[in-house]
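Spelled out, the chains give:
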Amino acid sequence: MPHVVVSDGTSIHYEAFGRAEGEAVLLVQGLGADSRAWLRQRRAVSRVHRGVVFDNRGVGRSDAPSGPYDLQVMADDAVAVLDVLGVESAHVIGVSMGGIIGQVLGVRHADRVRSLTLAATACHHLAWRRELLADWAALAEEKGMRAVVDVAAEWLIGPRARVRFWPVISLLGPLAVQVAPAAFRAQIDAILGFDDSSRSDLERVKAPTLLVVGSQDVLTPVGDSELLHELIPDSRLEIVTGAAHGLTMEHAGTFNRLVTRFLDEVADQP
């Protein structure tokens, strides 16, 4: 399996798929998830584009160095993947923590970002969310990742979708359990360590940006995406009715249609 070794010696696993001649689409996953969580987006992306997925440090087949991690370093990991593939610029799709990494890419590596899609994400800390993430980190270390999966499911999947999507949750749950508790905490520390004041930099994002959030998202509520919409100049906001934080799974069809339509529109721009 292909890996790239970044400047601090960490090995990052990546994979390219789809149309080799298409524009690159870089997909960045959220907390505790590896690239296999993009399973329901791969076909939609690969029809026209060259998809690129990778495992954030700490998960999947990437190394898990000791923490805490830093989201700006994790954004540099993503750039290293683009570099090794010879990709000058990519459409970046980030979900949850991956959406924060996408924001960093849009600000610090603007020339590498053709467009941004930021799903179920935020650009500032809320006291209750800080406490929740800290509780998850402590639970992981005290009782293991299975306990975290059981608790987090209520925050990630909407109540109406839990029964219907239980086969998907059953598939992805074991993937989350494979994450080492120390690496899970290191990713949470990266989120909690991200500077709130950096949201003022979002006015520097030049890429056309699509914001997608579920109407029932209780972890990163609609208000978080509304704030991003206010701060990012060339942005639009799409609210998926009935979707929760795990909208890329539970409402994959709607999410994929919104994203592919957006990418088609961006392709028509000079």
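Residues numbered from 1 in each chain as written. Predicted model: local features only at pLDDT ≥ 70, side-chain atom pairs only at ≥ 80, totals over all residues. Heavy atoms only, no water.

Caption draft 1: Up close: the overall build of the chain. Scanning the chain from N- to C-terminus turns up 11 helices and eight strands. Radius of gyration (C-alpha) of the chain: 17 Å, near the 18 Å computed for a compact globule of 270 residues. Looking at the chain as a whole, 56% of its 270 residues are labelled buried. For the chain, the exposed surface amounts to about 11,500 Å²; the carbon and sulfur share of it is 52%. (Helix = DSSP H or I, 4+ residues; strand = E, 2+ residues; numbered from the N terminus. Rg over C-alpha atoms; globule rule 2.2 N^0.38 Å. Buried < 20%, exposed > 50% of the residue type's maximum accessible area, 1.4 Å probe, protein only. Areas by Shrake-Rupley, 256 points an atom, 1.4 Å probe, with all protein chains shown as cover.)

Caption draft 2: Structural context of the packing of helix α2 (residues 71-85) against helix α3 (residues 97-108). Between α2 and α3, the least distance of the axes is 9 Å, while the angle of their chain directions is 75°. Judged by the inter-axis angle, α2 sits roughly perpendicular to α3. Here L71, Q72, M74, A75, D76, A78 and V79 of α2 lie close against α3, whose contacting residues are M97, I100, I101, V104, L105 and R108. Split by residue class, the contact of α2 with α3 holds 10 nonpolar, one polar and two charged. (Axes fitted to C-alpha atoms, helices over the stretch in contact; angles between N-to-C directions. Parallel < 35°, antiparallel > 145°, perpendicular 65-115°, else oblique. Contact = heavy atoms within 4.5 Å. Nonpolar A, V, L, I, M, F, W, Y, C, P; charged D, E, K, R; others polar.)

Caption draft 3: Representation of helix α9 (residues 222-231) within the structure. Within α9, burial applies to V222, D224, S225 and L228. Within α9, the buried residues cover an arc of 160° as seen down the axis, which keeps them to one side. (Arc of directions from axis to C-beta.)

Caption draft 4: How the structure looks around the pattern of salt bridges. Under the defined criterion, the tally for this structure stands at 14 salt bridges. Here D34 and R36 are joined by a salt bridge, their closest N and O atoms 2.7 Å apart. Relative accessible area serves as the criterion here: at 7%, D34 is assigned to the buried category. Judged by relative accessible area, which is 34%, R36 ranks as partly exposed. (Salt bridge = Lys/Arg side-chain N within 4 Å of Asp/Glu carboxyl O.)

Caption draft 5: Main features of the sheet that holds strand β8 (residues 235-240). A sheet is described by the order of its strands in space; here eight strands give the open sequence β1-β2-β4-β3-β5-β6-β7-β8, paired in mixed fashion. Across the chains shown, the open sheet's two edge strands, defined by having one partner strand only, are β1 (3-5) and β8. Within the sheet, the average angular offset between the axes of one strand and its neighbour, ignoring direction, is 20°. As defined by bridge partners, strand β3 (residues 24-28) adjoins strand β4 (residues 50-54) across four bridges and the pair is classed as parallel. (Pairing = 2+ DSSP bridges.)

Caption draft 6: Main features of the packing of aromatic side chains. Tallying each qualifying case throughout the model produces one aromatic pair. Where W128 meets W155, the ring centres are 5.9 Å apart and the plane angle is 20°; that geometry is what we call stacked. Note that W128 is positioned in helix α4 (residues 127-143) and W155 in helix α5 (residues 145-156), a separation of 27 residues in sequence. We classify W128 as partly exposed; its relative accessible area is 35%. Taking the relative accessible area as the measure of exposure, W155 reaches 25% and is therefore partly exposed. Above the plane of the ring of F17 lies R42, whose end atom (NZ or CZ) is 4.2 Å from the centre. (Phe/Tyr/Trp six-rings, centres within 6.5 Å; stacked < 30°, edge-to-face > 60°. Lys NZ or Arg CZ within 6 Å of the ring centre and 35° of its normal.)

Caption draft 7: Up close: unusual backbone geometry. Following G67, the chain continues into P68 via a peptide bond in cis, with omega recorded as 0°. For P68, the location among the structural elements is in the loop between β4 and α2. Here S96, not a glycine, exhibits a phi torsion of approximately 55°, which is positive. Following the sequence through the fold, S96 ends up in the loop between β5 (90-95) and α3. Judged by its relative accessible area of 17%, S96 falls in the buried class. Positive phi outside glycine occurs at A120, with the angle close to 50°.

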